[in-house]
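Spelled out, the chains give:
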Amino acid sequence: MFYFYFSSALASPLYPTTCHLQGQFRLNGIHKAGDVVLGGLFEINFFSVFPDLSFTSKPQQPICHGFDVLGFRQAQAMAFAVDEINRNSDLLPNVTLGYSLYDNCVKLGIGFRAALSLASGQEEQFMLNETCVGNPPVIGIVGDSSSTRSIAISAVLGLYRVPMVSYFATCSCLSNRQKFPSFFRTIPSDAFQVHAMIQILRRFGWTWTGLLVSDDDYGLHAARSFQYDLAQSGGGCLAYLEVLPWGNNPFELKRIVDVMKKSTARVVIVFAHESHMINLMEEVVRQNMTGLQWMASEAWTAAAVLQTPHFMPYLGGTLGIAIRRGEIPGFRDFLLQIHPDLNHKNSYGNNMVNQFWEYTFHCRFAPPPAGWVEAGGALCTGKEDLESVETEFLDVSNLRPEYNVYKAVYALVYALDNMLQCEPGRGPFSGHSCGNLQRMEPWQLVNYLQNVNFTTPFGDQVSFDENGDALPIYDIMNWKWLTNGKTKIQSVGEVKESDRGGELTLDEEKIFWNFEAKQPPQSVCSESCPPGTRMVRKKGEPECCFDCIPCSEGKISNNTDSMECSSCAEDFWSSPQRDHCVPKETEFLSYEEPLGICLTTTSLLGTCICAIVLGIFKYHRSTPMVRANNSELSFLLLASLKLCFLCSLLFIGRPRLWTCQLRHAAFGISFVLCVSCILVKTMVVLAVFNASKPGGGASLKWFGILQQRGTVVLLTSIQAVICTAWLVSSSPAPHKNTQYHNDKIVYECVVGSTVGFAVLMGYIGLLAILSFLLAFLARNLPDSFNEAKLITFSMLIFCAVWVAFVPAYISSPGKYADVVEVFAILASSFGILIALFGPKCYIILLRPERNTKKAIMGRGITKMEM
């Protein structure tokens, strides 16, 4: 690292060891002597012409041109800070602070050589004594402004733990303490800047963006960090990523702009230097590509060279991340004191000051300083008044890099001051020793610099984390294009680190949008999926490009851009828009619906008819027709039919536990009572017919009134026992069935025990078939005695209805199963009522002449009352 060689024989202790400087770099700089010296590296010229910088050739000064007045002001900020510290008796008392500031000419080679010169010193020869007493050439370096140069310089200086505090290098790679153990910075890392930009993207819903980066460590590391953080946050995708070339490469720039024009992304983020942006914007203007929202990194947010009427139609409304603005009291007065040395005898930076003077007043010195190409125009007198010209050099209202330089100088000085105030025996080094100026090692200052903590006059706290990074805070800037053609760079918010992460504060009402609608643009690959849909990524495209697929039935999404649709609860179904769940429609045989009304009316009609027939029979109970048809069984049969009609009402209405339990029990018992009466009537008819034959009178003793009643009660009791066992073992219960319709809840009664239901139905069927068979055997009775024929016909109707019921019931879903059962009950009940009592009522009411004993008994038959 240090370019010296030993000229004396090391074997002889009598001769001191002498070091000679092997070669010198002639660099453009500003110097001030002091007991302790700080180094500084600044961009004061944009361009340079490299001489032969080898040690074998005669040393030459590189030719730098393209004066950067803001870079010069940053160097003056360091000079001002040193001057202010020297006037402060509380900091470094009895110690004079000096500085050596070099122009790196935006070249890595020049900046690297300047750093080595600062670290090695410029003395051509010095003696090494055994005590090694003496100050290091510089105790620390403020700079460099470029990430690339900072990486190269700090990698070497870090080997010797020479502290380096950058004011503008933001590459996140510099936070690596293993590679850069003595690097610090007063500007936040790009990692936080990237995070801040992603927060702005999320704030405005920009999920589809383009990214342009410079072809250096600053841009490439920013691109890598941006891609990673964007993927982790899930806040969007990159439509394209392009690397801006160094220099003016028209073919590559045209290709990049063509990519931007073809893309649907309306937001473009640029991590690059202003020199890259100048070349890019020239191509943008040439192709007249408007309608873009630009987002600037801190490297070009405040670039005045881009804020011109030529570029502002395209760059107006730019949102940028800017270094924290600060105030430096007295700085403007310090700048006004700068004057050139007319005798050209001061080697301590007069060339640089003269160059500034020529740039500001558009004049030249006679003769011009060697190596400078800006000379031209009128001759400079050196007495020009700085306050008489309009220059951004004196505008100290928006100090950003200068404020970081100011903080970097104070950080080094506070670290040195803390070290010098160390009490012997209580120091942080081995044996609790302290450092001192006579024997100071660079790594000792690094230790204090790591723990430095102070507050600037502007009120900002300055400290470093374990990686040497400053407390992260940025201002959000907006480029406002005024009606008079001028540009105003206004602050519209800030983003800073907090316990909850990056905290973004933004005043959206102040933001100028360079669009007709004066609203933030939309920059998405696919429009947001509304509620009721879900996102399905397009194959082969970034995740921000997707199709919106409606949720399937029964599922909803109530948020925009839902990845999945969620299922509704069991009793709910999706709305037609699929954006919320609604209660499912309920389906059951209701009294309010037309079908329910019809069945209810029919049931009540049958009940009324039974009551009317019962009334007719009761009124005419003394007539032969009623007496001949066993009036007691007829009355009981009519009552059971009435119950059959009424039990059908239990199948209508919302199923409940008591209706489910009662409906089949009432149905089974009522029909068994009905069929039992018919069976007994049939048996009595056969007995009476047999009794009319010679020797058949004995059969009537088994079919007296008590026997008829007992038979009916016995047969009905069996059904009652079946129903009781069924209800006790596995009772029917209401059930919400969702199998028939996904969007409906079908309320139905499950039978509980299929065996119980089958036994109940089978018992009814057994009695009905038995009644039919007995009636069928009695079909040859004399025509006048036609009761058996009526029973046969009624049982035929009954059996036909219930045989048809079974397949219809099984195949009918939901409420229609109840409809089928009610219909079967009503149809079979009406069949029995009409078949058995229709002809009798006809004779009683319309043919009373046939309602006589003679007409009923017929010829040759001796009739007795049954």
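Please read all numbers here as calculations on a predicted model, not as lab measurements.

**Q** Looking at this structure, I do not really get the state of the cysteines. What am I missing?
**A** By definition, a disulfide links the sulfur atoms of two cysteines through a covalent bond. Using the criterion set out here, one finds 10 disulfides in the structure. Between the sulfur atoms of Cys64 and its disulfide mate Cys105 the distance is 1.9 Å. Of note, the bridge from Cys64 to Cys105 carries an S-S torsion of about 95° and is right-handed in sense. Here Cys64, found in strand β6 (residues 63-67), pairs with Cys105, found in the loop between β7 (97-103) and α2 (108-120); they are 41 residues apart in sequence, far enough to count as distant. Look at Cys64 and you get buried, because its relative accessible area is 2%. Note on cysteine connectivity: Cys171 is disulfide-linked to Cys173, with sulfurs 2.4 Å apart. On the sign convention where negative is left-handed, the bridge of Cys171 and Cys173, at about 130° about the S-S bond, is right-handed. As far as burial versus exposure is concerned, Cys171 and Cys173 are alike and both buried.

**Q** Looking at this structure, how should I read the sheet that holds strand β31 (residues 733-737)?
**A** Two modes of strand pairing occur in sheets, parallel and antiparallel, and in both the strands are linked by backbone hydrogen bonds. Spatially, the 3 strands line up as an open sheet ordered β30-β32-β31, and their pairing is mixed. Each edge of the sheet is formed by a strand with only one pairing partner; in this case those strands are β30 (585-587) and β31. Averaged over all pairs of adjacent strands, the angle between their axes in this sheet comes to 30°, without regard to strand direction.

**Q** Where do I start with the environment of Tyr99 in this structure?
**A** Tracing the chain through its elements places Tyr99 in strand β7. Residue classification places Tyr99 among the buried positions, given a relative accessible area of 10%. Each C-alpha atom of the pair Tyr99 and Leu38 lies 4.6 Å from the other, and the pair is 61 residues apart in sequence. Those residues in contact with Tyr99 that lie beyond four places of it in its chain are Ile30, His31, Lys32, Val37, Leu38, Met78, Ala79 and Val82.

**Q** Sorry, what's going on with the packing of helix α4 (residues 190-204) against helix α5 (residues 217-233) here?
**A** How two helices pack is summed up by the angle between their axes together with the distance between the axes. For the pair α4 and α5, interaxial distance at closest approach is 9 Å and the crossing angle is 50°. Between α4 and α5, the crossing angle belongs to the class labelled oblique. The hand of the α4/α5 crossing is right-handed. Contact residues: Asp190, Ala191, Gln193, Val194, Met197, Ile198, Leu201 and Arg202 in α4; Tyr218, Ala222, Ser225, Phe226, Asp229, Leu230 and Ser233 in α5.

**Q** I'm lost on the pairing of strand β12 (residues 208-214) in this one. Help?
**A** Two faces, one strand: in a regular strand the side chains alternate between the faces of the sheet. In terms of burial, β12 is a largely internal element, 7 of the 7 residues being buried. With burial as the criterion, each face of β12 is covered, one bearing Trp208, Gly210, Leu212 and Ser214 and the other bearing Thr209, Leu211 and Val213. Between the parallel elements β12 and strand β13 (residues 237-244), the chain passes through α5 in a crossover that is right-handed.

**Q** Help me understand a nonpolar patch on the surface in this model?
**A** Side chains of Leu604, Leu643 and Leu646 sit close together on the surface and give an oily, nonpolar patch of about 240 Å² of accessible area. As for its position among the elements, Leu643 is in helix α15 (residues 631-647).

**Q** I would appreciate a short explanation of the pattern of salt bridges in the present structure.
**A** Pairing is possible between side chains of opposite charge, provided their charged atoms come close. Counted by the stated rule, this structure contains 25 salt bridges. Close ionic contact of Asp460 with Arg324 constitutes a salt bridge, the shortest N to O distance being 3.9 Å. Remark: Arg324 occurs in the loop between β16 (319-323) and α9 (331-336) and Asp460 occurs in the loop between β19 (453-455) and β20 (461-463); sequence separation between them is 136 residues. We classify Asp460 as buried; its relative accessible area is 14%. Asp818 serves as the salt-bridge partner of Arg663, at 3.4 Å between the closest nitrogen and oxygen. Of the two residues, Arg663 is situated in helix α16 (residues 657-691) and Asp818 in helix α20 (residues 815-846); the sequence distance between them amounts to 155 residues. No difference in accessibility class separates Arg663 from Asp818, as the two residues are buried. When salt bridges that share partners are traced, they join Arg324, Arg400, Asp460, Asp475, Glu494 and Lys496 into one network.

**Q** Could you clarify how one ought to interpret the side chain of Asn478 in this entry?
**A** Note that Asn478 resides in strand β21 (residues 473-481). Overall, the relative accessible area of 0% leaves Asn478 in the buried class. Residues contacting Asn478, with those up to four places away along its chain left out, are Gly317, Thr318, Leu319, Lys488, Ile489, Gln490, Val492, Lys510, Ile511 and Phe512.

About the cut-offs
- Residues numbered from 1 in each chain as written.
- Predicted model: local features only at pLDDT ≥ 70, side-chain atom pairs only at ≥ 80, totals over all residues.
- Heavy atoms only, no water.
- Disulfide = S-S within 2.5 Å.
- Helix = DSSP H or I, 4+ residues; strand = E, 2+ residues; numbered from the N terminus.
- Buried < 20%, exposed > 50% of the residue type's maximum accessible area, 1.4 Å probe, protein only.
- Pairing = 2+ DSSP bridges.
- Axes fitted to C-alpha atoms, helices over the stretch in contact; angles between N-to-C directions.
- Contact = heavy atoms within 4.5 Å.
- Parallel < 35°, antiparallel > 145°, perpendicular 65-115°, else oblique.
- Left-handed = near helix turned anticlockwise from the far one by under 90°.
- Right-handed = clockwise from strand over helix to strand, strands pointing away.
- Patch = residues over 30% accessible without salt bridge, like charges linked within 9 Å, V, L, I, M, F, W, Y side chains within 5 Å.
- Areas by Shrake-Rupley, 256 points an atom, 1.4 Å probe, with all protein chains shown as cover.
- Salt bridge = Lys/Arg side-chain N within 4 Å of Asp/Glu carboxyl O.

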